[in-house]
Amino acid sequence: MDFNVKKLASDAGVFFTRAVQFTQENLGQAERTELDAHFENLLARADCTKNWTEKIFKQTEYLLQPNPSARIEEFLYEKLDRKAPSRPTNGELLGHYMLEAAKDFGPGTPYGSTLIKVGECQQRLGGAEREFLHTSAISFLTPLRNFLEGDWRTISKERRLLENRRLDLDACKARLKKAKAAEAKAATQVSSRNGLFGLCLQAVPDFQETRPRNYVLSASASALWSEEVDKAEHELRVAQTEFDRQAEVTRLLLEGISSTHVNHLRCLHEFVEAQTAYYNQCHRVMMELHKELGRFSSNFGRNPTTSGSAEPDATAESPVAPLETDVLQIEEVQPPASGTRKAKVLYDYDAADTSEMSLLADELITVYTVPGMDSDWLVGERGNQKGKVPVTYLELLS
């Protein structure tokens, strides 16, 4: 295996030095270079953004796909860079089963025909759900995932580099401090020995002018420590430069969190718009189904099929009592003296018969109720037009 032994030893030495510095800082035995307050605020804001983005992302995944097995399958296909197979939604499956059941029960029977209507409605709801899931995954989930797996990983990498540069800088400061202390101690020893040697010369005039051995060693040690101080100062300058450069890179990345918030805000608006469109579509589909089933139930109630009799017994009780509004003559209805209200139309509505009034979204009409009318309906007026209107399509204003 080809590798550089010197580089490996150097890297091991750097790692050991950082570990020692980190341990001493935690034990309170070494000084630590503190970052400025603005930088600390950026770090706290970035951590807060990462934590909440991660929670929102996971919970949105649970909302869009409650089935954990399906989520794991989609995750595996994504990691393998393969397209996940298309699977029907629960609504589409339910609609399929209803349509198949209608074939067996008979499409011409009341139960079979109703199953067809409800099954088709469920399939439309399932298709709307599929479109909502696809839109939300692209417009909301993908940007959050890109931040967590892209931008945040870059920020984390640069923060680790900054922490290593800080440990190197503090280790250099500690080495310089020790070197200066040793140099000062050696200089003090040389100075004291110089004074002692001068006294000896004065007391003994014929003393040979040769310096003692320990004096020469002290002077040599002082020179060595002076060189060590110069080397430590150079290493400190290099470490300080690298630390400042890395701090600037990290600061720029952290300040980019503000643009991340702006991007996520736009994605959040798109997610809400997708939800609004999905629920509005579901509401329209269900209101249409409710209207169709209501007409079917009324007709079924007014025309019960009886076996063994050509005409229904007048005294026999109908399976479903006819609605009084069905026999109500709208043209003869007069608005009450008090009790009329203004209403805003939420959705378009097509009248099913002459007793009803068609509606256009966002228009304003006058509505009121009359005795005996079904609570799901009101009488609406628009100029000279008058007719029954469904309450669920209206927003009462006053």
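In this report, the structure presented in the accompanying data block is examined.

What counts as what
- Residues numbered from 1 in each chain as written.
- Predicted model: local features only at pLDDT ≥ 70, side-chain atom pairs only at ≥ 80, totals over all residues.
- Heavy atoms only, no water.
- Helix = DSSP H or I, 4+ residues; strand = E, 2+ residues; numbered from the N terminus.
- Buried < 20%, exposed > 50% of the residue type's maximum accessible area, 1.4 Å probe, protein only.
- Contact = heavy atoms within 4.5 Å.
- Areas by Shrake-Rupley, 256 points an atom, 1.4 Å probe, with all protein chains shown as cover.
- Patch = residues over 30% accessible without salt bridge, like charges linked within 9 Å, V, L, I, M, F, W, Y side chains within 5 Å.
- Salt bridge = Lys/Arg side-chain N within 4 Å of Asp/Glu carboxyl O.
- Phe/Tyr/Trp six-rings, centres within 6.5 Å; stacked < 30°, edge-to-face > 60°.
- Lys NZ or Arg CZ within 6 Å of the ring centre and 35° of its normal.
- Core = buried A, V, L, I, M, F, W, Y, C linked by side-chain atoms within 4.5 Å.
- Expected span 1.5 Å × (residues − 1).
- Pairing = 2+ DSSP bridges.
- Axes fitted to C-alpha atoms, helices over the stretch in contact; angles between N-to-C directions.

1. Examining the overall build of the chain
Part 1: On a plain count of helices and strands, the chain comes out with 7 helices and 5 strands.
Part 2: Moving toward the C terminus, one meets the helices and strands of the chain in the order α-α-α-α-α-α-α-β-β-β-β-β.
Part 3: Out of the 398 residues in the chain, the part that is buried amounts to 28%.
Part 4: Of all intrachain contacts in the chain linking residues separated by at least 6 positions in sequence, the fraction that spans at least 24 positions is 71%.
Part 5: Accessible area for the chain stands at about 26,100 Å²; split by element, carbon and sulfur atoms hold 56% of it.

2. A look at the side chain of H264
Part 1: Looking at where H264 falls in the secondary structure, it is placed in helix α7 (residues 257–302).
Part 2: When its relative accessible area of 12% is taken as the criterion, H264 is described as buried.
Part 3: Sequence-distant contacts of H264, that is, excluding residues within four places in its chain, are made with T53, P143, L144 and F147.

3. Things to note about unusual backbone geometry
Part 1: Of note in the backbone geometry, D362 takes a positive phi value of approximately 80° without being a glycine.
Part 2: By secondary structure assignment, the location of D362 is in the loop between β1 (341–345) and β2 (364–368).
Part 3: The exposed category is assigned to D362, whose relative accessible area is 55%.

4. Structural notes on a nonpolar patch on the surface
Part 1: A cluster of nonpolar side chains, contributed by I72, F75 and L76, occupies part of the molecular surface with about 300 Å² of accessible area.
Part 2: Locating I72 in the fold gives a position in helix α3 (residues 68–79).
Part 3: Judged by relative accessible area, I72 falls into the exposed class, the value being 51%.

5. Points about the packing of aromatic side chains
Aromatic rings considered in pairs are described by the distance between their centres and by the relative angle of their planes.
Part 1: Inspection of every chain in the model, using the stated rule, returns 9 aromatic pairs.
Part 2: When the centroid spacing of 6.4 Å and the interplanar angle of 50° are considered together, the rings of F147 and W152 count as tilted. The pair F147 / W152 is uniform in exposure class, with both members buried.
Part 3: Relative to W377, the ring of Y349 lies with its centre 6.5 Å away and its plane at 70°, an arrangement referred to as edge-to-face. Taken together, the positions of Y349 in the loop between β1 and β2 and W377 in strand β3 (residues 377–382) put the pair 28 residues apart, joining distant regions of the chain. With respect to class, Y349 is no different from W377; both count as buried.
Part 4: Each member of the aromatic cluster is reached from another via a ring pair, and the members are F132, F140, F271, Y278 and Y279.
Part 5: Geometry around W377 places K388 over its ring, the cationic atom sitting 5.3 Å from the centre.

6. Points about the nonpolar core
Part 1: Membership of the largest hydrophobic core comes to 41 residues, with the highest contact counts inside it found for F132 and L254.
Part 2: The set of elements that each furnish at least two residues to this core consists of α2 (37–64), α4 (90–105), α5 (110–203), α6 (213–255) and α7.
Part 3: With 18 residues, the single largest contributor to this core is α5.
Part 4: Of all hydrophobic cores here, the second largest spans 18 residues; its members include Y349, V367, V370 and W377.

7. Things to note about the pattern of salt bridges
Part 1: Scanning the entire structure with this criterion turns up 16 salt bridges.
Part 2: Across the salt bridge formed by K103 and E100, the nearest N and O atoms sit 3.5 Å from each other. Residue K103 and its partner E100 are both found in helix α4; the two are separated by 3 residues, about one turn of the helix.
Part 3: By relative accessible area, which is 57% here, K103 ends up exposed.
Part 4: Its salt-bridge partner being R165, residue E242 comes within 3.9 Å of it at the nearest N-O pair. Separated by 77 residues along the polypeptide, E242 in helix α6 and R165 in helix α5 bring together distant segments of the chain.
Part 5: Its relative accessible area of 32% is what places E242 among the partly exposed residues.
Part 6: For R165, a relative accessible area of 24% corresponds to the partly exposed category.
Part 7: Each member of the salt-bridge network shares a partner with another, and the members are E163, R166 and D170.

8. Comments concerning α4
Part 1: Here α4 contains 16 residues, and its C-alpha end-to-end distance of 22 Å stays within 8% of the 22 Å for a straight helix at 1.5 Å per residue.
Part 2: Trailing α4 by a residue or two, G106 shows a phi angle of about 105°, which is positive.

9. Observations concerning the sheet that holds β3
Part 1: Within the open sheet, the 5 strands sit side by side as β4-β3-β2-β1-β5. Their pairing is antiparallel. Pairing within the sheet leaves two strands with one partner each, and these edge strands are β4 (385–390) and β5 (394–396). Across this sheet, the average inter-strand angle for adjacent strands is 40°, counted without regard to direction.
Part 2: Relative to β3, β2 is paired through 3 bridges, and the arrangement is antiparallel. Looking at the pairing, Y368 lines up with V379 of β3.

Such coordinate-based values are descriptive only and should not be taken to indicate function.
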